[in-house]
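Next come the chains, spelled out residue by residue.
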Amino acid sequence: MKILVAVKRVVDYNVKVRIKSDGSDVDIDGVKMGINPFDENALEEALRLKEKGLASEIIAISLGSAANQDVLRHSLAMGADRAILLETDADLQPLAVAKLLKVMVEREKPELIMLGKQAIDDDAGQTGQMLAALLDYPQGTFASSIQKEANILTVTREVDGGTETLALTLPAVVTADLRLNEPRFVKLPNLMMARKKPIETIDVTTLVIAVAPRLQLIQVAEPPVRKAGIKVNSVEELLNKLRAHEGILV
Amino acid sequence: MSILIIAEHDGVQLSPSVQQAVTAAQAWNSAIHVLVAGNAADAVAKQAASIYGVERVIQANALHLEKPIAEDIANLIVSISQDYKVILAAHSSFSKNALPRVAALLDVAMISDVLEIQGNNTYVRSIYAGNVLTTIQSCDAVQVLTVHGSNFNSASLTGSAEIISVETPSTFNRTQWKSEIRSQSERPALSSAKIVVSGGRSLGSAERFESVLSPLASKLGAALGATRAAVDAGYAPNDIQVGQTGVVVAPELYIAIGVSGAIQHTYGMKDSKVVVAINQDPEAPIFQVADYGLVADLFDAVPALTAAIQ
């Protein structure tokens, strides 16, 4: 079984993103970037399937500028067999990403496509489902556990109020929840070796897919800040304060 | 052209978030229809018909919609989509599973978890775990979106819409629903609870998470929540995680106990009306978003608080 894993390059989760002074966009110049954490879970699970002898080849794919090579190197260092960069400087929204990934699925013919359940920059959480729709494939989103038997993938999903288990007939699309696994640490020698591995680069314009954004960004702003209140000194004082609020009966 | 709301329900009870979605849909000043997909979910259809502002309830009945998969829900929506300019649902694990599939099949963008609808298909939503608000405009012919339920008032239950039936496309047979585990709890649902008692990693163990927080939650009639750190440490189940990647809550009262206040967590609770934080560390960031902060050992303060509540 061949597995294609899509990895996105995003602002590191520890960075508090700033807004450009004219409110036109976020300012991510010179900010620390890295692999989207959920995509790292997806890649980790693909690698574990291979280590169990259930997958033959893991291909990491990323879309964006040449800078995305770093997340692909990271993926190779984790253990991916091959890396593909669909290179573009365009602003790619989820539907465009899904369309481009579909082209690559048709070329590579993986039996399983894995992605993170959402990217921590745009928090959209759409690409996996969109890709499954365009391919007319089964989808298992927000996966916290997967098991493969013959051509059936059993996926346990994290849903509001519990979990749900589905059986997907491969080929299928699965999106990873953080609970799926704990990604391995990348060892320095692996990172050094990954630097020497080739990354296949494909110019997005050669794929002839319309990728223009459907959503126009009008402005960005800081959210209203919740003001810090007061410190109370005792449980009694806390209760007195709460009792003074309308609608709170404690 | 009308607005189509996708109803979430459990076969018996309509989710209260549908009433919030109806209020959101009023932004277009067009007829509002609600799709109830289920297996003989007549009671749910009647509840949807009673929401003020709903003109028509469309009921899709099929055995395979008893425990619907995203593939079937999406195909059903697409089969009736030609009459609609807007397809929306309250943001939940149900809608975020199915609606991106709908959007892709219709070749349109989707807008997730909309906080505010400004007219002219312009929306405000948050990115970067709630640290940035973006205003975006969609140029697609059909708008597919989920709305952040707690940002919209609930429409009243004083309406009386007509209920009609539609044909259901055949099932997508490469995905089989197998089973589910629903958290058994006497407590109110986390997403709609009026009071939430939430615990962090400082609780130290699953046993103490339960023994310290449960009595307080029971006395208050509150739902239990947890930080991701507490969930990852195995103190609490994943489905009660509050935050960017978990449940987003906006109760009347949110009591954060032993919670440090990482941005990923505060994203999920910052719209609460009143926030109380109990933490031993006076520098904990949670105090920056709390109305009332108590710097104390939670193992003393929480039992004292529980005892002091009638």
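Residues numbered from 1 in each chain as written. Chains lettered and ligands numbered in written order. Predicted model: local features only at pLDDT ≥ 70, side-chain atom pairs only at ≥ 80, totals over all residues.

## Some words on the sheet that holds strand E6 (residues 57-64) of chain A
- Spatial ordering of the open sheet is given by E13(A)-E7(A)-E6(A)-E1(A)-E8(A)-E12(A)-E9(A)-E10(A)-E11(A)-E10(B), a layout of 10 strands whose pairing is mixed. At either end of the open sheet lies a strand with only one pairing partner, and these are strand E13 (200-203) of chain A together with strand E10 (175-182) of chain B. The average angle at which neighbouring strand axes cross in this sheet is 30 degrees, direction not considered.
- As judged from the six bridges shared by E6 of chain A and strand E7 (residues 82-87) of chain A, these two strands associate in the parallel manner. Bridged to Leu63 of chain A within E7 of chain A is Leu86 of chain A. (Pairing = 2+ DSSP bridges. Helix = DSSP H or I, 4+ residues; strand = E, 2+ residues; numbered from the N terminus. Axes fitted to C-alpha atoms, helices over the stretch in contact; angles between N-to-C directions.)

## Some points on the interface of chain A and chain B
- Between chain A and chain B, the residue contacts involve 61 residues of the former and 70 residues of the latter.
- Elements represented by at least two residues in the side of chain A that touches chain B include exactly helix H3 (94-108), helix H4 (127-135), strand E9 (139-149), strand E10 (152-159), strand E11 (162-169), strand E14 (215-221), strand E15 (230-232) and helix H6 (235-243) of chain A.
- A per-element tally of the side of chain A that touches chain B places E11 of chain A first, with eight residues.
- Residue composition of the side of chain A that touches chain B, by class: 32 nonpolar, 16 polar and 13 charged.
- Note: E15 of chain A against strand E15 (residues 292-295) of chain B, three bridges, orientation parallel. Each bridged residue has a counterpart across the sheet, and for Ile230 of chain A the counterpart in E15 of chain B is Tyr292 of chain B. (Contact = placed C-beta atoms within 7 Å. Nonpolar A, V, L, I, M, F, W, Y, C, P; charged D, E, K, R; others polar.)

## Thoughts on unusual backbone geometry
- Between Leu170 of chain A and Pro171 of chain A the backbone carries a cis peptide bond, its omega angle lying at 5 degrees.
- Its location among the elements puts Pro171 of chain A in the loop between E11 and strand E12 (172-176).
- Phi is positive for Asp107 of chain B, which is not a glycine, with a value near 55 degrees.
- A positive phi is found at Asn120 of chain B, a non-glycine position, where the angle reads about 55 degrees.
- Along the chain, Asn120 of chain B falls in the loop between strand E5 (110-119) and strand E6 (122-127).

## A few points about the nonpolar core
- Counting 124 residues, the largest nonpolar core has Val5 and Ala60 of chain A together with Ile5, Leu35, Ala48, Leu88 and Ala103 of chain B as its most contacted members.
- What Ala60 of chain A contacts, discounting residues up to four positions off in sequence, is Val5, Val7, Leu43, Leu72, Ser75, Leu76, Ala80 and Ala83 of chain A.
- Among the nonpolar cores identified, the runner-up in size contains 52 residues, and Leu238 of chain A together with Phe209, Leu213 and Ala222 of chain B belong to it. (Core = buried A, V, L, I, M, F, W, Y, C linked by C-beta atoms within 7 Å. Buried ≥ 20, exposed ≤ 12 C-beta atoms within 10 Å, placed from the backbone.)

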